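Read off the chains here:
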Amino acid sequence: MAIDPRERRMRNYVLMRSVMDYGMGLVLVGFGVFFAIAPNIGIEFNIEPFFRYLFAGMCLIYGSWRIYRGYKKNYYKDESNEPEDSTE
């Protein structure tokens, strides 16, 4: 069965975006963990610990969101075409 070229292009694009989201998510989570445990492994930064932990937390949250978005693969899906529940 032949696949429509638009559908094939869309599937390839969704796969590329998903892999990119997984990769960026892992990088961001890695940065978050690194900044959170940096003093424990002997690396010092010239910023206050509050801001270092704030940045680490933001990296962990956003990295987790990117991994979740890559898992869901919900790119360009129009949810407005779903049938509405009419209780008239």
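Located above this text is the structure these notes cover.
Worth saying up front: this structure is predicted, and the values here are computed from it rather than measured.

Draft legend 1. Inspection of the environment of Ser 64 at higher detail. Secondary-structure assignment places Ser 64 in helix H2 (residues 49–72). By relative accessible area, Ser 64 is classed as partly exposed at 42%. For Ser 64 and Met 24, which are 40 residues apart along the polypeptide, the C-alpha to C-alpha distance reads 9.7 Å.

Draft legend 2. How the structure looks around the pattern of salt bridges. Applying the stated criterion across every chain, the model contains 2 salt bridges. Among the ionic pairs, Arg 66 bridges to Asp 21, the shortest N-O distance being 2.9 Å. Residue Arg 66 is located in helix H2, and its partner Asp 21 is located in helix H1 (residues 5–37); the two are separated by 45 residues in the primary sequence. We classify Arg 66 as buried; its relative accessible area is 10%. Assessed through its relative accessible area of 0%, Asp 21 is described here as buried. Salt bridges sharing common partners tie together Asp 21, Arg 66 and Arg 69.

Criteria and cut-off values
- Residues numbered from 1 in each chain as written.
- Predicted model: local features only at pLDDT ≥ 70, side-chain atom pairs only at ≥ 80, totals over all residues.
- Heavy atoms only, no water.
- Helix = DSSP H or I, 4+ residues; strand = E, 2+ residues; numbered from the N terminus.
- Buried < 20%, exposed > 50% of the residue type's maximum accessible area, 1.4 Å probe, protein only.
- Salt bridge = Lys/Arg side-chain N within 4 Å of Asp/Glu carboxyl O.

As far as function goes, none of this settles anything; it's purely spatial.
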